[in-house]
Every structure is written in C-alpha cells, then in structure tokens.
Amino acid sequence: MRVARSFAPGDVRIEESPEPEPGPGEVVCDVIACGVCGSDVTDWYIAPRLPAVLGHEVVGTVRALGDGVTAPAVGARVAIHHHTPCGECRRCRRGHETLCDQFRATRLDPGGFAERVRVSAELVTELLELPNGLDPVTATFIEPLACVLRAQDRAGLRAGDSLLVVGAGVNGLLQIAAAHARGVEVVWVREPRDERLELAEAWGAERHGNELVDVAIACTPKPEAIEAAAAAVAPGGTLCFYAPPAPDAPPRLDATALYLREITVTASYSAGPGDMRAALELIASGRIDPPKLVSHRLPLEETGRALELQRRAGGLKVVVEP
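What counts and what doesn't
Residues numbered from 1 in each chain as written. Predicted model: local features only at pLDDT ≥ 70, side-chain atom pairs only at ≥ 80, totals over all residues. Heavy atoms only, no water. Helix = DSSP H or I, 4+ residues; strand = E, 2+ residues; numbered from the N terminus. Rg over C-alpha atoms; globule rule 2.2 N^0.38 Å. Buried < 20%, exposed > 50% of the residue type's maximum accessible area, 1.4 Å probe, protein only. Contact = heavy atoms within 4.5 Å. Disulfide = S-S within 2.5 Å. Core = buried A, V, L, I, M, F, W, Y, C linked by side-chain atoms within 4.5 Å. Arc of directions from axis to C-beta. Salt bridge = Lys/Arg side-chain N within 4 Å of Asp/Glu carboxyl O. Pairing = 2+ DSSP bridges. Right-handed = clockwise from strand over helix to strand, strands pointing away. 1 Å grid on protein atoms, 1.4 Å probe; cavity = no way out; pocket = protein on both sides within 12 Å on 5 of 7 lines; lining within 4 Å. Points joined across faces, edges and corners; volume = space filled by probe spheres on them. Nonpolar A, V, L, I, M, F, W, Y, C, P; charged D, E, K, R; others polar. Axes fitted to C-alpha atoms, helices over the stretch in contact; angles between N-to-C directions. Parallel < 35°, antiparallel > 145°, perpendicular 65-115°, else oblique. Left-handed = near helix turned anticlockwise from the far one by under 90°.

K.L.:
Explain the overall build of the protein chain to me, please; I cannot follow it from the model alone.
P.N.:
The helix and strand tally for the protein chain stands at 12 helices and 15 strands. Taken over the C-alpha trace, the protein chain has a radius of gyration of 19 Å; the compact-globule value for 322 residues is 20 Å, and the two agree within 12%. Projecting the C-alpha coordinates of the protein chain onto the three principal axes gives extents of approximately 60 × 40 × 40 Å. Counting the 322 residues in the protein chain, one finds 52% classified as buried. Here the analysis covers contacts within the protein chain between residues at least 6 apart in sequence; of these, 67% occur between residues at least 24 apart.

Following this line, the structure appears as structure tokens:
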C-alpha cells in the first residue's frame, strides 16, 4: 500500500509499505479521509518522532477483522481515535485520562496519511460507527471537536458564561460553535487576520475589545496572544492553553496578577473516548455543521502540499483523501 511518510518538515515522500494484517482483536481499515491538524506541522513537537506517517483525524471503512472481533462489521464506516486510556490508573481516576501511560503509548499503524491503517485491540473498542448519511469528510471533524469539548470542560465553561477565543483557525471556530451549542452567553474573539475575524463573526462571535471574560481559551501558541488572553480574564476566571507554546518562546504571565485575581490557569491535551462520543453526537445531530470549514481536499500524493498549506495558513481545513 502507499503511505505519505514525513522525514523532516517539508520533506514528505510517497512510499510503498507492507499491507497491514489484523492480529487477534485488531481491525484493518481503508482510510477514506484524514484531516490535517496543527500538531502535524508543529515542528518542534513532531521532529523527534520523524520519520513517521502522520495523520490522526481519521475516518475509514472496516476492511478486515482479526480473531475475536465481532464488531464493527466489515464495510462499516468508522471514526478512528488514535489513543485510548486504561481507565484504571491514578491519572485516569483523577480525570486526566489523556495523560495515562496507555493513552500516550497507543497509536495507529502506520498513521492516517496512508491507504490503510491497522487499529490495535485497545483502540478497536473506541471505533465510532458513523450514522447513515454522515459524510466521511465531515466526520474527520469528530476528533478535533472532541479536543475542543475537553478543553471547555477543563476550563469549567458553563452555560451563561462569557468566553474569549484567541485565534480563529479551525479549532477557534469550533470553540465558538461548541460554546454556542452548550449555551454560553456571549463569545468574544481575537484574531489578527481580517478574513478569519469576519468568519468568526459569521459563526456567532463578537470582536473583543477590553471586556473581561469568565474563560479565555488560547487557540494559538503565540506568546503575545496568550498574554492578551490572560489579561482579559476576569477575577475568579480561567485561562486555558489549547495550543502549546514552543519551548523557546514561553508567554510572560504576571504571576502576581494571577494570584491577586485568583485566576485558574489550565491546559488541555487531546481528547478521551467520552469526548469523541459527544463530538459525534453534536455533528450527527446537526448542532455543529463543520463542512463549510473545508478549504482543500487533496489526494494522498499531495500530502506534502496539504501539510505545507496548514503550516503557512494557506487554507482553513485541509483534508487528505487517500
């Protein structure tokens, strides 16, 4: 089968790879579509993992079942999560399932930018069968929306709160949509690019001025944007890191002000099984309608271009369709 293997930022090669075979309890899926995530082009984060086949926002069709697997059936269309927690360790019991050792160890073989993937036994139980009529490209938004929902939960966002979203890329826009779906009173947005600011307004956000908010979610790693988000949090509010700052560019936060205003600072990494199920329900019910965010649909051969579009913000949501 063909895979798009990344060797370095900007160096993606189409290669032939052995066909994956399902072992006991495992499943092999044909990849229908895989979204490009910002983490796929966060070079300091990805570099230690290369060479690798990237891609984790995967939707596929079940092709083959290993011994002992009875569901989902061959031919079923599924959203495929790339991590799963054990549910039993100390981190899982304390609500930090995305920090679980098993969660960090599980992954797809080889990755979503490939014609097929092998789903390990631990991940098979997390496969989400898509309802009839749900477009596979639309379903690639399940994983990023799940991450958004978890971030809002980590930040304690509740109906009636006010929210500031900093950064109006795809994840920022999903934050806006999810907040409205959850009954948030008002959603503000900060975004330097006019076209994305206008899009955020079309999705129901208001341009932020000097208003104080209950929760600010930073969907950008830029230090100055995170600093602005922190300054906008009202006393007793919460700042949530959604995009990781680079190790060599930390934001400068005023610890004294955070203390005196009792600001909670938290972060959210990835999403758990419950988040995935909640995201599927929101999309399948039509309460969140993300297809209009797709700017590019590219074949596997153009995975390098897909990643470069994401890196340069040359598109909004880029999807690879092997």
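K.L.:
It is not clear to me how the state of the cysteines should be interpreted in this structure. Could you clarify?
P.N.:
Simply put, the disulfide is a covalent bond whose two ends are the sulfur atoms of two cysteines. This model, assessed by the stated rule, comprises zero disulfides. Cysteine Cys86 is unpaired, with the sulfur of Cys89 as its nearest cysteine sulfur at 3.7 Å.

K.L.:
Help me understand the nonpolar core, please; the structure alone is not making it clear to me.
P.N.:
Across soluble globular proteins, nonpolar side chains show a tendency to be buried alongside one another. With 47 residues, the main nonpolar core has Ile142, Leu145, Leu163 and Ile176 as its most contacted residues. Mapped onto this core, the elements with two or more residues apiece are α6 (142-154), β8 (162-166), α7 (170-181), β9 (186-190), α8 (194-202), β11 (213-218) and α11 (273-284). Dropping the residues within four chain positions of it, Ile142 is found in contact with Ala79, Leu128, Leu130, Met276, Ala279, Leu280 and Ile283. In this structure, Met1, Val41, Ile80 and Ala306 belong to the second largest nonpolar core, which totals 35 residues.

K.L.:
Got a minute to help me understand α8 in this structure?
P.N.:
Working note: α-helix, 3.6 residues per turn, so residues spaced by three or four point in the same direction. All of the buried residues in α8 are Arg196, Leu197 and Ala200. The arc that holds the buried residues of α8, viewed along the axis, is 105 degrees, so those residues lie on one side. Counted as exposed and oriented over 90 degrees from the buried face of α8: Asp194, Glu195 and Ala202. For α8, the secondary structure elements touched by its buried residues are α7, β9 and β10 (206-207). The first or second residue beyond α8 is Gly204, which carries a positive phi of 105 degrees.

K.L.:
It is not clear to me how the pattern of salt bridges should be interpreted in this structure. Could you clarify?
P.N.:
Two side chains of opposite charge can pair, provided their charged atoms sit close to one another. Evaluation of the coordinates by the stated rule reveals 22 salt bridges. Measuring nitrogen to oxygen at the nearest pair gives 2.6 Å for the salt bridge that ties Glu15 to Arg5. Here Glu15 is found in strand β2 (residues 11-16), whereas its partner Arg5 is found in strand β1 (residues 2-8), with 10 residues between them in sequence. Between Arg207 and Glu201 there is a salt bridge, with its nearest N and O atoms 3.0 Å apart. In this structure Glu201 comes out as partly exposed when scored by relative accessible area, which is 31%.

K.L.:
Help me understand the pairing of β11, please; the structure alone is not making it clear to me.
P.N.:
Looking along a regular strand, one sees side chains alternate from face to face of the sheet. Most of β11 is tucked away: five of the six residues are buried. Relative to β11, β8 is paired through four bridges, and the arrangement is parallel. Opposite Val166, over in β11, you have Ala218 as the bridge partner. Summarising the sheet, β11 and strand β12 (residues 233-241) pair through five bridges and their orientation is parallel. Within β12, the position partnered with Val215 by the bridge is Thr238. For the crossover from β11 across helix α9 (residues 223-231) to β12, the handedness is right-handed.

K.L.:
How should I be thinking about empty space enclosed by the protein in this particular structure?
P.N.:
It is the rolling of a water-molecule-sized probe over the atoms that shows where space remains empty. Summed over all chains, the structure comprises one cavity of 30 Å³ or more. Put simply, the largest cavity is a space of about 70 Å³. Together, Ser6, Ala8, Pro9, Gly10, Val12, Asp40, Asp43, Ile46, Leu50, Leu54, Leu307 and Arg311 line the largest cavity. In terms of residue class, the lining of the largest cavity is built from seven nonpolar, two polar and three charged.

K.L.:
Quick question: what am I supposed to make of the packing of α6 against α7 here?
P.N.:
The relative placement of two packed helices comes down to the angle between their axes together with the axis-to-axis distance. Running from N to C, α6 and α7 point in directions that differ by 60 degrees, and their axes come no closer than 9 Å. The angle between α6 and α7 places the two elements in the oblique class. For the crossing formed where α6 meets α7, the hand is right-handed. Within the contact between the two elements, α6 uses Pro144, Leu145, Val148, Leu149, Ala151 and Gln152 and α7 uses Asn171, Leu174, Gln175, Ala178 and Ala179.

K.L.:
Just to check I follow, could you spell out the sheet that holds strand β13 (residues 264-267) for this structure?
P.N.:
Through backbone hydrogen bonds, the strands of a sheet pair up, either in parallel or in antiparallel fashion. Within the open sheet, the six strands sit side by side as β10-β9-β8-β11-β12-β13. Their pairing is parallel. Each edge of the open sheet is held by one strand with a lone partner, namely β10 and β13. Its contacts with the sheet place α7 against β8, β9 and β11, and it is angled at close to 165 degrees to β8.

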